[in-house]
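Residue-level listing of the chains:
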Amino acid sequence: MKQLTGRHVASMFVGGFSIIIAVNVLLAVNAVRTFPGLEVDNSYVASQSFEARRDAQDALGWKVEAAYRDGALSLAILDKDGQLAELASLDAHIGRPTEARDDTVLELRNGGSFAVDLAPGKWRLDVSATAEDGTLYEKAIAISVKR
């Protein structure tokens with residue numbers, strides 16, 4: 001049996017930490033590559049009007065209903081009375097919560113559906129609509145697709 005020397009211990013020490021550092025670098029590179037993390041250009045400026053925008057959106061009293069079944073994504077934005085809201089514009093975007101690779105811009109209309117093939121897992125539907133009076137309505141909806 002060979003004797004354990006300082007050179008062996010140093011090699012094990014360097015080898016072990018090399019593996020740890022390589023894994024950390026790999027995870028950090030993949031994290032930044034798949035999701036840049038930027039939601040707004042300047043968070044301070046965006047925060048200055050947040051409460052006013054939220055209050056205006058809440059005053060609309062709208063409720064969003066979204067569902068995914070059999071390869072079709074349906075969306076309905078309802079007003080205070082439970083009827084389809086009158087919209088000046090509607091934009092929708094679906095993607096994974098953690099990466100931008102699967103992001104898709106959808107051509108939806110209120111109360112309609114869109115044929116889209118979503119793989120199993122978690123998805124995020126971002127809806128941006130404008131009311132007839134110009135009030136912006138934004139909502140993020142989590143959608144879970146089963147196998």
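Structure shown above.
Our subject in this report is the structure included herewith.

Calculation notes
The residue count restarts for each chain, going from 1 along the sequence in the order it is written. In keeping with the model being predicted, local features are shown solely for residues with a pLDDT of at least 70 and side-chain atom pairs are shown and tallied solely at 80 or more, while totals for entire chains, interfaces and linings include all residues. Side-chain measures here rest on the full set of heavy atoms in the structure, leaving out hydrogens and waters. Each Phe, Tyr or Trp ring, with Trp reduced to its six-membered ring, pairs with another whose centre is within 6.5 Å; inter-plane angles below 30 degrees give stacked pairs, above 60 give edge-to-face pairs, and intermediate values give tilted ones. Helix and strand assignments follow DSSP, with helices taken as H or I runs no shorter than four residues and strands as E runs no shorter than two, numbered in order from the N terminus. When accessible area is computed with a 1.4 Å probe and restricted to protein chains, residues below 20% of their type maximum are described as buried, those above 50% as exposed, and intermediate ones as partly exposed. If DSSP finds at least two bridges between two strands, the strands pair. Simply put, an axis is a line fit to the C-alpha atoms, just over the touching stretch for a helix, and the angle between two N-to-C directions goes from 0 to 180 degrees. When checking whether two residues touch, look at their non-hydrogen atoms; a contact exists if any pair is within 4.5 Å. Definition of nonpolar core: a set of buried residues of the types Ala, Val, Leu, Ile, Met, Phe, Trp, Tyr and Cys, connected through side-chain atoms within 4.5 Å.

**Examining the packing of aromatic side chains**
Applying the stated criterion across every chain, the model contains 2 aromatic pairs. Look at W62 and Y137: their rings are 5.3 Å apart centre to centre, the planes differ by 55 degrees, and that puts the pair in the tilted class. With W62 in the loop between helix 3 (50-60) and strand 1 (63-69) and Y137 in strand 7 (residues 136-145), this residue pair connects regions lying 75 residues apart in the sequence. One exposure class covers both W62 and Y137, and it is buried.

**Concerning the sheet that holds strand 3 (residues 87-95)**
Hydrogen bonds between backbone atoms are what pair the strands of a sheet, whose relative direction is either parallel or antiparallel. Pairing within the open sheet is antiparallel, and its 4 strands lie in the order 4-3-6-7. Of all the strands in the sheet, just strand 4 (104-106) and strand 7 have a single pairing partner and so form its edges. Averaged over neighbouring strand pairs, the angle between their axes works out to 20 degrees when direction is ignored. Sheet topology note: the strand 6 (residues 121-131)/strand 7 ladder contains 10 bridges and is antiparallel. The residue of strand 7 that forms the bridge with L125 is I141. In the packing of helix 3 onto the sheet, contacts are made with strand 6 and strand 7, and the angle to strand 7 comes to roughly 75 degrees.

**Overview of the sheet that holds strand 5 (residues 113-115)**
Read across the sheet, 3 strands follow the order 1-2-5 without closing on themselves; strand pairing throughout is antiparallel. Since the sheet does not close on itself, it has two edges, and those belong to strand 1 and strand 5, each with one partner. Across the sheet, the mean angle from the axis of one strand to that of its neighbour is 15 degrees, orientation sign disregarded. With 7 bridges connecting them, strand 1 and strand 2 (residues 72-78) associate as antiparallel partners.

**Here we look at the pairing of strand 2**
Here strand 2 lies mainly inside the structure; 5 of its 7 residues are buried. Between strand 1 and strand 2, which pair antiparallel and follow one another directly, the connecting turn spans 2 residues, one of which, D70, has a positive phi of 50 degrees. Sheet topology places strand 2 next to strand 5; 3 bridges connect them, and they run antiparallel. Note that in strand 5 the partner of L73 across the bridge is F114.

**What to know about the nonpolar core**
Across soluble globular proteins, nonpolar side chains show a tendency to be buried alongside one another. Counting 25 residues, the largest nonpolar core has W62, L73, I77, L90, I94, L125 and I143 as its most contacted members. Residue assignment for this core shows that the elements contributing at least two residues are strand 1, strand 2, strand 3, strand 6 and strand 7. Examining the composition of this core, we find that 5 residues originate from one element, strand 6, more than from any other. Once residues lying within four places of it in the same chain are set aside, the contact partners of I77 are W62, K63, V64, Q83, L84, A85, L87, L90, N110, V127 and A129.

Purely spatial values, then, with no claim about function.
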